[in-house]
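# Residue-level structural notes
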Amino acid sequence: MIAFGASDTDRIIVRYRDQAAARKTTAGARVASRRVTDAAHQRGLNASPLRTDGRGAQVWAVDRKMTYEEALALTKQIAAADPEVEYAEPDLIMRPTLVPNDPYYPFQPDLHPITPGINAPAAWDRTSGTGVVVAVADTGYRPHADLAANLLGGYDFVSLWPFGASVFPNDGDGRDSDARDPGDWCVSDPNHQTSSWHGTHVAGTIGAVTNNGVGVAGIAHGARILPVRVLGMCGGYSSDIADGISWAAGLPISGVPNNVTPARVINLSLGGPGSCLYTYANAISAARSKGAVVVVSAGNSNGDAANAMPANCPGVVAVASVNASGTRSSFSNYGPTVALAAPGETILSTYNTGTTTPVGDAYAYSSGTSMSAPHVAGVAALMLSANPSLAVDAVTSLLRSSSRAFPGDCTGCGIGLVDAGAAVNAAIAYGAANRIDESTFFVQQLYFDVLRRKPDSGGLAFYMGLLNACNGNPACLASTRVNIALGLFQSQESQALYPDLNPATSPNYNDAFVTRIYQCFLQRNFDPDGGVTWYSYLNGTNDYAGVMTAFITSPEYRKRFGNP
């Protein structure tokens, strides 16, 4: 099977019409060739003819690799400049599409190209996740034969309390360097009488050893999995989970050895009811500042994810679940808090046969947003492997923009279905530059951050028209960007998402304005000093445009998408 994804190339194909002078006379051929070389020179390239192919088209080579976009632009220029050109197009490099030989891969439709599968084979043509560490903060791991080769040592953060507790580590001790899962059955919970082997299942979805003729395939099978045990018997404390998040990102934790393999992606397939705790928000913000993308399950209460933490914490990628038809799973949480959706029903992965303590390796089907989140975490790892320079919110933005439409009703499931192939291609095309200065990217990101959706074509065209009318004038562009951002932030659609931003009904509009601008534009809660300063400033001036200017031009905002 052959891949047809966009790729770099150093060749183009140009075919002239049958009656063209370029095909009939030497002089005509010279003129046509000069047009090709001139077009290449204008783009800093040297072009040379190689041969004529079997369809009578000329194959040209250039002296360096071009991106797909560069090659496409060159060929469009050649065709536009010469009416005798029948067609001109990049000579793309095709590659074999990896179809793993893992015997259970046919039973993993969640990875396949057909919707709602995540289209993993198209991504595997470009990368397997090599060089990226993905932390799985969960129940720990079992050294499953189809997973062990991709595991790092990890750490166990489940505390042992001297006075007894609702959560018990179940491994005979407290925090230590052994992140193995001893079983998490809970005798006090009638719904949790057997062990879930949850962390092993999640880790297998992300990074099971692949193409080894054994078991299942993992999405980012070239990545390394860092198991961070934060859930013990009957669950896990937020304080332990937050420490696990911080440690996974490479931050120091008192009494714990430093993590020498910091994660670029952290998967949290866990949660509970309530507003985002400061403990979670601070840990997630710190992890993001270290360059970690934090992916969280949206929750399984068939309710608004705004009421489920840590899915409702600023800066996370909250993931809903879809079923085999691509519609929202009956259990999945939903709402504007959700960023994306991925398959989460009947997901096959690594497991253990033990009902309480571990016995032997197995494979099993599981369902839940716990299963959908690692699909997005795995794709994020593939993106970072393909382009290690990506900043945290370059990853989250490209995950959204490259997602595909839902094939059925999925209200509240986020912007779209994750598409691994498209996401990896988008990551490569992003390059190393910070794209927030590009008008299209800026407007699109406003929609993602504020309205939690992709821009409609009419809205995008309208705002691009305003920016293009500046004709590159820096002062005009700066003021127009502020007006667009403020207009979307104060729009009726925004007020519907955030009722406290409605000045007619909000008990303290300025406080809500400051709170929401931090959450939307900096993807974190406000720090007390900064929040009070801006709140006082608004109370004295009502200069909302001035506050917006400060936020969207700040180094912290710009750093979300690359070097400031």
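One structure accompanies this document, and this report is about it. (Residues numbered from 1 in each chain as written. Predicted model: local features only at pLDDT ≥ 70, side-chain atom pairs only at ≥ 80, totals over all residues. Heavy atoms only, no water.)

### Considering the sheet that holds strand E7 (residues 224–229)
Reading across from one edge, E6-E7-E5-E8-E10-E12-E13 is the order of the seven strands in this open sheet, with parallel pairing throughout. Single-partner strands in this sheet number two, and they are strand E6 (155–156) and strand E13 (340–343). Strand direction decides the pairing type here: strand E8 (residues 265–268) and strand E10 (residues 293–297), joined by four bridges, are parallel. When the bridges of E10 are listed, Asn 267 appears paired with Val 295. Along the sheet face, helix H5 (residues 198–207) touches strand E5 (133–138), E7 and E8 and points at about 160° away from the line of E5. Against the sheet, helix H8 (residues 369–386) makes contact with E5, E8, E10, strand E12 (317–322) and E13, and its axis sits at roughly 125° relative to E12, the strand it touches most. (Pairing = 2+ DSSP bridges. Helix = DSSP H or I, 4+ residues; strand = E, 2+ residues; numbered from the N terminus. Contact = heavy atoms within 4.5 Å. Axes fitted to C-alpha atoms, helices over the stretch in contact; angles between N-to-C directions.)

### Concerning the side chain of Ser 366
Here Ser 366 lies in strand E15 (residues 361–366). With residues near it in sequence (within four places) discarded, Ser 366 still touches His 201, Gly 344, Glu 345, Thr 346, Ile 347, Tyr 351 and Met 371.

### Some details on the pairing of strand E14 (residues 347–352)
Burial analysis of E14 places six of its six residues in the buried class, the great majority of the element. Pairing between E14 and E15: six bridges, direction antiparallel. Residue pairing in the sheet places Leu 348 in a bridge with Tyr 365 of E15. (Buried < 20%, exposed > 50% of the residue type's maximum accessible area, 1.4 Å probe, protein only.)

### Quick notes on the sheet that holds strand E1 (residues 9–16)
In spatial order, the strands read E2-E3-E1-E4; together these four strands make up an open sheet with antiparallel pairing. Two strands in the sheet have a free side with no partner beyond their single neighbour: strand E2 (47–52) and strand E4 (85–90). Going across the sheet, the axis of each strand differs from the next one's by a mean of 25°, ignoring polarity. Relative to E4, E1 runs antiparallel, the two sharing five bridges. Each bridged residue has a counterpart across the sheet, and for Arg 15 the counterpart in E4 is Tyr 87. Along the sheet face, helix H3 (residues 68–81) touches E1, strand E3 (58–66) and E4 and points at about 170° away from the line of E4.

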